[in-house]
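# Summary of the model geometry
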Amino acid sequence: MIWISLTGIVDNMAVIGKSNQYSGLQLVHTQALRSVVGIKSIFFNSDGTKLYALNLEGMHIDEFSQTTKKLLRRISFKPTKSPGLDYKSNRIIPSFEEKPVEACFTHAGKILWVSLHNAGGITPIILDSSILKRSTVKSRLNKITYINDLESGIKTTVQFPVIQTGKIPKVIAKTANDKYLLVSNWSSKTISILMINDSVPPYGTKIATIPTSATPRGIAVDDKNNNTYVGIMGGNTIIRINNKTWKVENNITVPQNPRHLTMDTLGHLFVSFNEVSEVACIETKTDKILFKAQTHAQPRTIALSGNQKFLFIACYAGNKVDIFKINNRSFQKLYSLNCAGKPVGIAIHENEKNLEAWVCNYAAGYIKIFTFEKT
């Protein structure tokens, strides 16, 4: 078994070579990467060189090269039997603990924090082999993980710890200084606050628990104003948390079923509303909706372009990717692109000339890449 030491990691979140001087997007290429049915979410690492696809049903995480589009490594969990939740019937069913849902990078992409659907917590996946080291530290909460390097053929067995947060953890978000993590716990109806420790297993400690009125999901951190916004997907509110006191300071009334949240640097909060098929822009100074637009059915993950002028939306039941230009007082729809197979997660990569929107399709088992020329 291998354990991990993370002493001395320095964060660097800059995206090298990205140009924000563009006002339009022209679709020039589409391709599909074959994967496995059950991909729930996707994320680029800090420098945009690798993409990580979390497969809920397959209980593994795939690492792709952004440039070659090839699968580099597969990180697989050893399954442990556990009760799970059937969302349609709301009944308990036989399942497994190690079902990855969402993730968040810290420390320049060296740690990938992953929520495990039925394990009641999150696990830090250490991606940099240079900081792995042997250890005798063991815990009953450890998750046995197999890292299969497809290029070298080397398969490594690793134990990663689990930090207990709440029942069915979903979204994980971080503060800009990599000091705190926030986790939305679906069935516990709580938000967990963790302080990160980057040198001693399990690399984080829960320091606060915030109860919510119904099931929470999306999280957006406003580091400039020391606030965090959480969408209460089981209701029609977004709560604002003070990041100094970890107390709820306000409840913002919004359309039903807010799912995913993201923010720009100007104090605008963008929200997808799964049930009513809408996206909205909220001004955080006033907590008022400035404008909104209709999308295809069940908008799930949303993502902003690097210049914060375009919003990308994975529409799950609509089998579309909707793309809007963000004007001062309105959304302007530019594209509704076919994306069969229940698109659910989306991640953006940019360079000087092009923008790539990578979209994972839960039911189809592939990742579709839409390449745009910046104009």
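Before any of the text, the structure's been laid out above.
So, here's what we can say about the structure. (Residues numbered from 1 in each chain as written. Predicted model: local features only at pLDDT ≥ 70, side-chain atom pairs only at ≥ 80, totals over all residues. Heavy atoms only, no water.)

Attention now moves to the packing of aromatic side chains. Two measures describe an aromatic ring pair: the distance that separates the ring centres and the angle between the ring planes. One pass over the structure, following the stated rule, counts 10 aromatic pairs. Considering the side-chain rings of Y22 and F310, the 6.0 Å spacing of their centres and the 5° angle between planes classify their relative orientation as stacked. Of the two residues, Y22 sits in the loop between β1 (3-4) and β2 (25-34) while F310 sits in strand β29 (residues 310-315), which places them 288 residues apart along the sequence. The pair formed by Y22 and F310 is uniform in burial state, with each residue classed as buried. Arranged with centres 4.8 Å apart and planes meeting at 75°, the rings of F291 and F331 form a pair that is edge-to-face. One end of the pair, F291, is in strand β27 (residues 288-294); the other, F331, is in strand β31 (residues 331-338), and 40 residues separate them in sequence. Neither residue differs from the other here; F291 and F331 are each classed as buried. Three or more aromatic residues joined by ring pairs make a cluster, and in this case those are F270, F291, F324 and F331. (Phe/Tyr/Trp six-rings, centres within 6.5 Å; stacked < 30°, edge-to-face > 60°. Helix = DSSP H or I, 4+ residues; strand = E, 2+ residues; numbered from the N terminus. Buried < 20%, exposed > 50% of the residue type's maximum accessible area, 1.4 Å probe, protein only.)

Glancing now at unusual backbone geometry. Positive phi outside glycine occurs at S277, with the angle close to 55°. In this structure, S277 sits in the loop between β25 (268-273) and β26 (278-283). For S277, a relative accessible area of 11% gives the class buried. The phi angle at D287 is positive, at roughly 60°, despite the residue not being glycine. On the secondary structure map, D287 appears in the loop between β26 and β27.

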